[in-house]
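Spelled out, the chains give:
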Amino acid sequence: MANVRDLKKDINFVLGDIIEAVYVWQYTNTDKDVKESEAIIDEAINTFDTLIAKVNNKNVEDKKAHFKAINQELETEGRMLIDKINKLS
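Residues numbered from 1 in each chain as written. Predicted model: local features only at pLDDT ≥ 70, side-chain atom pairs only at ≥ 80, totals over all residues. Heavy atoms only, no water.

S.K.: A description of helix H2 (residues 35-56) should follow, citing residues and the corresponding values.
M.R.: With 22 residues, H2 extends 32 Å between its outermost C-alpha atoms, agreeing within 8% with the 32 Å of an ideal straight helix rising 1.5 Å per residue. Those residues of H2 that fall on the buried side of the exposure criterion are Ser37, Ile40, Ile41, Ala44, Thr47, Leu51, Ile52 and Val55. Projected onto a plane normal to the axis of H2, the buried residues spread over an arc of 125° and lie on a single side. (Helix = DSSP H or I, 4+ residues; strand = E, 2+ residues; numbered from the N terminus. Expected span 1.5 Å × (residues − 1). Buried < 20%, exposed > 50% of the residue type's maximum accessible area, 1.4 Å probe, protein only. Arc of directions from axis to C-beta.)

This is the structure in structure tokens:
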């Protein structure tokens, strides 16, 4: 990982793209209930808030390991949210 700024950008782009994908699903499926899709958006926003708070935490001993763990969590959470989008019916 290059730096904190890039990690913040990655978090923003990944979760922003997930939210955008949910909106696309909502626009193409106007006849279906949006309760599940809105829950995915809320979860993406909560994930964003959590990850940014972790990035901004200055009380860390091993910064490299800390940021690597955040990057891994972003990947895990992102894949989980994408799976939820794919399961929308």
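S.K.: Would you mind going over the nonpolar core in detail, with residue names and values included?
M.R.: Within the largest apolar cluster, 19 residues are counted, with the highest numbers of intra-cluster contacts made by Leu7, Ile11, Leu15, Ile40, Val55, Ile70 and Leu81. Put simply, the parts of the chain that give this core at least two residues each are helix H1 (4-28), H2 and helix H3 (63-86). The element contributing the most residues to this core is H1, with seven residues. Setting aside residues up to four positions removed in sequence, Val55 forms contacts with Val4, Leu7, Lys8, Ile11, Phe67 and Ile70. (Core = buried A, V, L, I, M, F, W, Y, C linked by side-chain atoms within 4.5 Å. Contact = heavy atoms within 4.5 Å.)

S.K.: Just give me the short version of the side chain of His66, but keep the residues and values in it.
M.R.: Structurally, His66 is set in helix H3. At 2.8 Å, the side chain of His66 and the backbone oxygen of Lys54 are in polar contact. (Polar contact = N/O pair within 3.5 Å; in protein donor to acceptor, adjacent residues only side chain to side chain.)

S.K.: How would you explain the environment of Gly16 if you had to name every residue and give the values?
M.R.: Position of Gly16 relative to the elements: it lies in helix H1. Each C-alpha atom of the pair Gly16 and Ala69 lies 20 Å from the other, and the pair is 53 residues apart in sequence.

S.K.: Tell me about the packing of H1 against H2, residues and numbers included.
M.R.: For the pair H1 and H2, the least separation of the axes is 10 Å and the interaxial angle reads 175°. Taken as axis vectors, H1 and H2 run roughly antiparallel relative to one another. Here Val4, Leu7, Lys8, Ile11, Asn12, Leu15, Ile19, Val22, Tyr23, Trp25 and Gln26 of H1 come into contact with H2, specifically with Ser37, Glu38, Ile40, Ile41, Ala44, Ile45, Thr47, Phe48, Leu51, Ile52, Val55 and Asn56. Of the residues assigned to the contact of H1 with H2, the class counts are 16 nonpolar, five polar and two charged. (Axes fitted to C-alpha atoms, helices over the stretch in contact; angles between N-to-C directions. Parallel < 35°, antiparallel > 145°, perpendicular 65-115°, else oblique. Nonpolar A, V, L, I, M, F, W, Y, C, P; charged D, E, K, R; others polar.)

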